[in-house]
Amino acid sequence: MSDEGVNLAVDLAPQNPHHLRLSNPIMIASGTFGYDGYGRGLTPEMRLSQLGAVIPKTVTRLSREGNPEPRWYPKSFREAREAGACIYLNSIGLANPGIEAALTDLAPQWANWGATVVLSLSAESVVQFGEMAAMTQGVGGFQAIELNLSCPNVDDGALFGHDAKLAAAATAAVRANTTLPLLVKLAPNVPDITPIAKAVVAAGADALTISNTLPAMTIDVEQRKPVLGGITGGLSGPGLRAVALALVYRAVQAVDVPVIGVGGIFTANDALEFILAGATAVQIGSANLADLWAPFNILEELRAYLEEHSIPDINQLVGAAQIKAPVS
Ligand SMILES: Cc1cc2nc3c(=O)[nH]c(=O)nc-3n(C[C@H](O)[C@H](O)[C@H](O)COP(=O)(O)O)c2cc1C
């Protein structure tokens, strides 16, 4: 099959008049785009325009210093991958320059990448989610917004992503202030993802991103204290993959918008598992921190899979492993 014959293009916002058409389903996950989350370490040979989309690190209303060191376990994700580790932890604490600096200083540079860029937002109240969305109006450099709901609501300390009503309220507040395609990224540690998925879609999400990291920690038994400066952190990488995959599989059954799979995707095989579970696109996270070429390599492997299996369109594989419930 000729290269031109393989269609990798996907639309992550088919119900939004703007659409979010990506040339392929490989995206860079927020917080893992280069070593600082904003592209540090990338070289000009890494042509971002070849990827489906790039999501720079989440920005908050005000700048944040982040958590005390150490922020990583193991210290190097590259060594973790080489050692075949399953446990990848981080405790960055959403260090970021704040939305004003992001819109003024960073977004104009994003416009030069020739890539589809998604702005990731997090807020500490429903009202603040709306205010931040309003601040993005008329600003260029990104084509969509992703809400990071793995953050606490200042009013009661509850995580937005843990509560269907709160998650829906944040989504609605943003939806009221932007017409851009809106992706809502959910937390994995919930008893049932489906009511939350349904609630945010009803509130205006164009697509769901599943999932963020799982709360986790490790303890140094010689020092007898937690390893991470933030005490607990987020589990990402291979140990998260099977959890995120099951969440994607379930969420796809519950909603009629695209779902984006993220969690431990290091190879095209991993990406295909998510696509077969029903993900329309995937995000590459920890794998970038092990090797900044990872998303480019995964894209080429994915293309090769389609060619080898004579599949002309990636969309044919979306949800192909969903087992239909027996008709009673
Ligand atoms: C170092 C690091 C920083 C992250 N920062 C963010 C962030 O700012 N916003 C966000 O939505 N997710 C953030 N994440 C979560 C990732 O985007 C992704 O959802 C998660 O790591 C699971 O994917 P992975 O197993 O491929 O890493 C971060 C993950 C890591 C490892």
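Please refer to the structure higher up on the page.
Residues numbered from 1 in each chain as written. Predicted model: local features only at pLDDT ≥ 70, side-chain atom pairs only at ≥ 80, totals over all residues.

Draft legend 1. Spotlight on the sheet that holds strand 5 (residues 72-73). With antiparallel pairing, the 4 strands of this open sheet are ordered in space as 5-6-14-11. At either end of the open sheet lies a strand with only one pairing partner, and these are strand 5 and strand 11 (214-216). As paired elements, strand 11 and strand 14 (residues 233-236) share 3 bridges and run antiparallel to each other. Each residue of the ladder has a partner; that of Leu214, found in strand 14, is Leu235. (Pairing = 2+ DSSP bridges. Helix = DSSP H or I, 4+ residues; strand = E, 2+ residues; numbered from the N terminus.)

Draft legend 2. Highlighting the sheet that holds strand 15 (residues 259-262). Pairing within the open sheet is parallel, and its 8 strands lie in the order 4-3-16-15-10-9-8-7. Pairing within the sheet leaves two strands with one partner each, and these edge strands are strand 4 (53-54) and strand 7 (118-121). Across the sheet, helix 4 (residues 164-175) lies against strand 8 (144-148) and strand 9 (182-186), angled at about 155 degrees from strand 8, the strand it touches most. Strands strand 9 and strand 10 (207-210) of the sheet are contacted by helix 5 (residues 193-202), whose axis makes an angle of about 160 degrees with strand 9. (Contact = placed C-beta atoms within 7 Å. Axes fitted to C-alpha atoms, helices over the stretch in contact; angles between N-to-C directions.)

Draft legend 3. How the structure looks around the site of the ligand. Ala29, Gly31, Ser236, Gly285 and Ser286 are the nearest of the 26 residues found near the ligand. Grouping the amino acids of the shell around the ligand by side-chain chemistry returns 8 nonpolar, 16 polar and 2 charged. (Near = placed C-beta within 6 Å. Nonpolar A, V, L, I, M, F, W, Y, C, P; charged D, E, K, R; others polar.)

Draft legend 4. Representation of unusual backbone geometry within the structure. Here the bond from Tyr73 into Pro74 is cis, since omega is -10 degrees, no more than 30 degrees from zero. With respect to the secondary-structure elements, Pro74 resides in the loop between strand 5 and helix 1 (77-82). The omega torsion of the bond from Ile210 to Ser211 falls at 10 degrees, within 30 degrees of zero and hence cis. By secondary structure assignment, the location of Ser211 is in the loop between strand 10 and strand 11. You will see that Arg224, though not glycine, has its phi angle at about 55 degrees, which is positive. Mapped onto the elements, Arg224 comes out in the loop between strand 12 (219-220) and strand 13 (225-226). One non-glycine residue, Ser310, lies in the positive phi region at around 50 degrees.

Draft legend 5. Structural detail: the environment of Val252. Take Val252: it is sitting in helix 6 (residues 238-254). Separated by 27 residues in the primary sequence, Val252 and Lys225 place their C-alpha atoms 40 Å from one another. What Val252 contacts, discounting residues up to four positions off in sequence, is Val259, Ala277, Gly278, Gly319 and Gln322.

Draft legend 6. Seen up close, the nonpolar core. Counting residues in each nonpolar core, the largest one holds 105 residues, and the members touching the most others are Val200, Leu208, Val248, Ile260 and Val282. Setting aside anything within four residues of it in sequence, one finds Val248 in contact with Ile210, Val259, Gly261, Phe274, Ala277, Gly278 and Ala279. (Core = buried A, V, L, I, M, F, W, Y, C linked by C-beta atoms within 7 Å. Buried ≥ 20, exposed ≤ 12 C-beta atoms within 10 Å, placed from the backbone.)

Draft legend 7. Representation of helix 7 (residues 268-277) within the structure. Counting buried positions along helix 7 gives 8 out of 10 residues, so the element sits mostly inside the fold. Within helix 7, burial applies to Ala268, Asp270, Ala271, Leu272, Glu273, Phe274, Ile275 and Ala277. The inward-facing, buried residues of helix 7 contact helix 6, strand 15, strand 16 (281-284) and helix 9 (294-308).

Keep in mind these numbers describe shape, not what the thing actually does.
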